[in-house]
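# Structural overview for review
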Amino acid sequence: MRTPNAADAGGIDRLIAERRSKLAAIRARGVDPFPTAYPGREEIGAVREANEPLAADESSEEAVRVAGRITGRRGQGKVVFMDLADRSGKIQLWASIDRLDEERLAALSDLDLGDIIGAEGPVTRTRRGELSVAVDDFTLLSKTLRPPPDKHHGLKDPELRYARRYLDLMANDDARTLFITRAKAISAVRRYLDDRGFVEVETPVLQPLYGGAAARPFVTHHNTLDRNFYLRIATELYLKRCIIGGLERVYELGKDFRNEGVSFKHNPEFTMLETYEAYADYRDVMDMLEEMVRAAAAEATGSASVPWGEEEIDFGARWKRLPFAEALTEESGIDIRERTDEDDLRQAMRDAGYEAGDTTIWPKLVDSLLTQALEPRLIQPTILYDYPLSLSPFAKRTPDDPEMTERFEAFAGGMEIANAFTELNDPDDQRARFEMAAQELAAGDDEAQPHDEDFLIALEHGMPPTGGLGLGIDRLAMLLTNRASIREVVLFPARRD
RNA sequence: GGGCCGUUAGCUCAGCUGGUAGAGCAGGGGACUCUUAAUCCCAAGGUCACAGGUUCGAUCCCUGUACGGCCCA
């Protein structure tokens, strides 16, 4: 219950009390402030478009019904102007004593900013040239009890924008546009894959064993089964089971969960696309990735070339393709092919001025060097290919160098956006990789792959040669909307208490 | 992980290295029949993030904590 003196208090309590007393007055008049529907309404954008030719003082012959949120109000005594906004746009309502009786006009004036109403009447253009609905009738559709954000400045406080994203969407056109762009990119990706005969599948989020990426998992408990499950860190090992079963081309687009730090490019849950294509290798996947991202950029933004800070990222041009180790040597002066001992590599990194940390794990050092020396410079779409075996436990060895794998990562905007390889389908080699990982686990690498016997059994039944891909959808969304933080492109990002 | 910056009314922001805080919008009362960030008049609205410290006195100086932003790693 509210405190009796809420109306006397300052701040938000007073504003809420004011709206609640209006709500009570509306109910006292016998009006339902939360009716069930508003049939026959048209989108404001369509109404605007259809009536654009109207001249000043001219009216449409037929009445329209529009509905949305009141975003502005300009009183003028016996005339009231309001702005009504729905998803498609905004239109002015023009209510005057000439069309509504005094009581109805007062009821309309008494509505608050943010209230959701329906209005009916002919479309007209005012003397000042503003396309408007001349209100013959209106219906309160939802009474709001809290004030909306500032009508002119919008909502800027990032804490509030993320914690109460609905206010961000309500107040900031940019925010709505951004999430529509993101949705367009995702449906473009789906359409691309569907058109090429890929089957969209759904594999478990709750997995008895995690795998397919180097990350620490979330653990949860099933009460009835009385056992723990891991939230998936990747879909890889299940999608390969689908390939083994003969689905030949599969993809899954959904959330993965990684129990790691939060940063401008990491959210603990994030959206990942994984695709697997039988009888393809990583070069086929490179071509597919380029084409798919190009299509997504074009469909979501209208252009394959998008602004990125001060620069322009061109997904339309053919992407640069560089051998990983050579590119890294070129940029850092350190050749990881000659620094195969972790102490040696760490020293070389320190000598060259890079942060090496205290990790004793060679692949982590390599990854750290990549992150520091090369990744931030890869603004234009770039593919680095052929990665050391120890960084790639599920990738097939290259034919000419058994210590390297047919793996590539794609970068843009200084971020890794995709990871792909010719999948390892030799079950004995895969078993050997798990054994290597077991040693890494024992040596303290908590991101090493746990042994997965069930997956090995699946591989022993035979997997065709296969090209696989993982594409980070949130990072793609960042690139397509020119946002520097993943929190901007995830509707409800993870927050501290 | 480190550094820097921020947190003041519902929202957007001012506030002079110290004397108990101000605007616009929103909200309330009033005027107004073509406004559009409507305008005009009146009144109201504050745990200056939180906890300590210094001081006669702290929004302001110091320390710590929380949350957030940016940069570096």
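Only a predicted model underlies this, so the values are computations on that prediction, with no experimental measurement involved. (Residues numbered from 1 in each chain as written. Chains lettered and ligands numbered in written order. Predicted model: local features only at pLDDT ≥ 70, side-chain atom pairs only at ≥ 80, totals over all residues. Heavy atoms only, no water.)

## Some details on the overall build of chain A
Selection rule: Under the scheme used here, helices are H or I runs from DSSP no shorter than 4 residues and strands are E runs no shorter than 2 residues, and both carry numbers assigned from the N terminus. With the radius of gyration taken over C-alpha atoms, the globule rule is written as 2.2 Å times the number of residues to the power 0.38. Summary of the burial criterion: residues with accessible area below 20% of their type's maximum are buried, those above 50% are exposed, and those between are partly exposed, where the area comes from a 1.4 Å probe applied to protein chains only. Contacts: residue pairs with any heavy atoms within 4.5 Å of one another. Calculation of accessible area relied on Shrake-Rupley with a 1.4 Å probe; when residues are assessed, cover is drawn exclusively from the protein chains displayed. A residue counts as positive if it is Lys or Arg and as negative if it is Asp or Glu; His and the chain ends are not included. All charge positions are set by atom: Lys at NZ, Arg at CZ, Asp at CG, Glu at CD.
Of regular secondary structure, chain A possesses 15 helices and 19 strands. Its C-alpha atoms give chain A a radius of gyration of 29 Å, clearly above 23 Å, the size a compact globule of 497 residues would have. Structurally, chain A occupies a C-alpha span of about 85 × 55 × 50 Å along its principal axes. By residue count, 48% of the 497 residues in chain A fall in the buried class. Long-range contacts, defined as pairs at least 24 residues apart, comprise 63% of the intrachain contacts of chain A with a sequence gap of at least 6. For chain A, the accessible surface area stands at approximately 24,400 Å², while carbon and sulfur atoms represent 48% of it. Here chain A contributes 64 positive and 91 negative side-chain charges, whose respective centroids are spaced 8 Å apart.

## Examining the sheet that holds strand β11 (residues 249-257)
What counts, and what does not: Any two strands with at least two DSSP bridges between them are considered paired. A fitted line through C-alpha atoms represents every axis, and for helices the fit uses only the stretch in contact; the resulting angles, taken between N-to-C directions, go from 0 to 180 degrees.
Strand order across the open sheet formed by 8 strands is β7-β11-β12-β19-β18-β17-β16-β15, with mixed pairing between neighbours. A single partner strand is all that each edge strand has here, and the edge strands are β7 (199-200) and β15 (320-323). Bridge analysis of β15 against strand β16 (residues 382-388) gives 4 bridges, and the strand direction is parallel. Bridging across to β16, R321 finds its partner in I383. Contacting β12 (269-278), β15, β16, β17 (404-412), β18 (415-422) and β19 (466-472), helix α8 (residues 282-301) runs over the sheet at an angle of about 35 degrees to β19.

## What to know about the nonpolar core
The line we're drawing: The criterion is simple. A nonpolar core is a set of buried Ala, Val, Leu, Ile, Met, Phe, Trp, Tyr and Cys residues joined through side-chain atoms within 4.5 Å.
Counting residues in each nonpolar core, the largest one holds 48 residues, and the members touching the most others are L193, L273, L289, M292, F315, F408 and L471. Of the residues forming this core, the biggest block, 10 residues, is contributed by α8. Every residue in contact with L289, bar those within four places of it in the chain, is listed here: W319, F408, A410, A418, L469 and L471. The next biggest cluster of nonpolar side chains, apart from the first, holds 26 residues, and it includes V80, A119, V133 and V135.

## Considering the pairing of strand β4 (residues 116-125)
In terms of burial, β4 is a largely internal element, 8 of the 10 residues being buried. The pairing of strand β1 (residues 59-75) with β4 spans 8 bridges and is classified as antiparallel. Directly across from G68, in β4, lies its bridge partner I117. Bridge count between β4 and strand β6 (residues 137-142): 5 bridges; the pairing is antiparallel. When the bridges of β6 are listed, I117 appears paired with L140.

## Some remarks on the domain arrangement of chain A
A common way to state how big an interface is: give the accessible area lost once the parts meet. Here is the rule: What fixes the domain bounds is an automatic or database domain assignment.
For chain A, the assigned domains read domain 1 (36-142) and domain 2 (171-319 + 380-489). Between the C-alpha centres of domain 1 and domain 2 the distance comes to 49 Å.

## Focus: the packing of aromatic side chains
Given two aromatic rings, one states the distance between the centres and the angle between the planes to describe the pair. Where we set the bar: Only centres within 6.5 Å qualify two rings of Phe, Tyr or Trp (six-membered ring in Trp) as a pair; their planes then separate them into stacked at under 30 degrees, edge-to-face at over 60, and tilted for everything else.
Here the structure, examined in full by the defined rule, presents 5 aromatic pairs. Measuring from centroid to centroid gives 6.3 Å for F394 and F455, while their planes differ by 75 degrees, and the two rings are edge-to-face. Of this pair, F394 sits in the loop between β16 and β17 while F455 sits in helix α13 (residues 453-460), placing them 61 residues apart in sequence. Taken individually, F394 and F455 each receive the classification buried, so the pair is uniform in this respect. Put simply, the rings of F394, F434 and F455 touch in pairs and so form one group of aromatic residues.

## Side note on unusual backbone geometry
Positioned with a positive phi, D57 is a non-glycine residue whose angle comes to about 75 degrees. Checked against the element boundaries, D57 lands in the loop between α2 (44-51) and β1. Of note in this structure, N482 is not a glycine but carries a positive phi near 60 degrees. Take N482: it is sitting in the loop between α14 (473-481) and α15 (486-489). Here N482 falls in the partly exposed class, since its relative accessible area comes to 31%.

## Description of the sheet that holds strand β9 (residues 219-222)
The antiparallel open sheet is built from 3 strands, whose spatial order is β8-β10-β9. Since the sheet does not close on itself, it has two edges, and those belong to β8 (206-207) and β9, each with one partner. Here 2 bridges tie β8 to strand β10 (residues 227-231), and the two strands are oriented antiparallel to one another. Among the inter-strand pairings, Q207 is bridged to a residue of β10, identified as Y230.

## Structural notes on the protein's contact with RNA strand B
Inclusion rule: A single heavy atom is enough: if one lies within 4 Å of a molecule or strand, its residue is considered near that molecule or strand. Polar contact criterion, stated in full: a pair of N or O atoms within 3.5 Å, where within protein one must be able to donate a hydrogen and the other to accept it, and residues adjacent in sequence count only if both atoms are side-chain atoms. By the convention adopted, Pro, Cys, Tyr, Trp, Phe, Met, Ile, Leu, Val and Ala count as nonpolar, Lys, Arg, Asp and Glu as charged, and the other residues, Gly among them, as polar.
In the region of RNA strand B, 41 residues are neighbours, and R14, R128, K151, E159 and E355 sit closest. The contact atoms of RNA strand B, taken as those within 4 Å of the protein, divide so that sugar and phosphate hold 64%. The contact in question runs from a phosphate oxygen of RNA strand B to an N or O atom on the side chain of R487, over 3.2 Å. Secondary structure elements with two or more residues in the surface near RNA strand B: α1 (11-28), β1, β2 (79-86), β3 (89-96) and α4 (158-163). If one sorts the elements of the surface near RNA strand B by residue count, α1 sits on top with 6 residues. Taken together, the residues of the surface near RNA strand B sort by class into 11 nonpolar, 11 polar and 19 charged.

## Comments concerning the environment of I26
Tracing the backbone shows I26 in helix α1. Sequence-distant contacts of I26, that is, excluding residues within four places in its chain, are made with V31, P33, L140 and K143.

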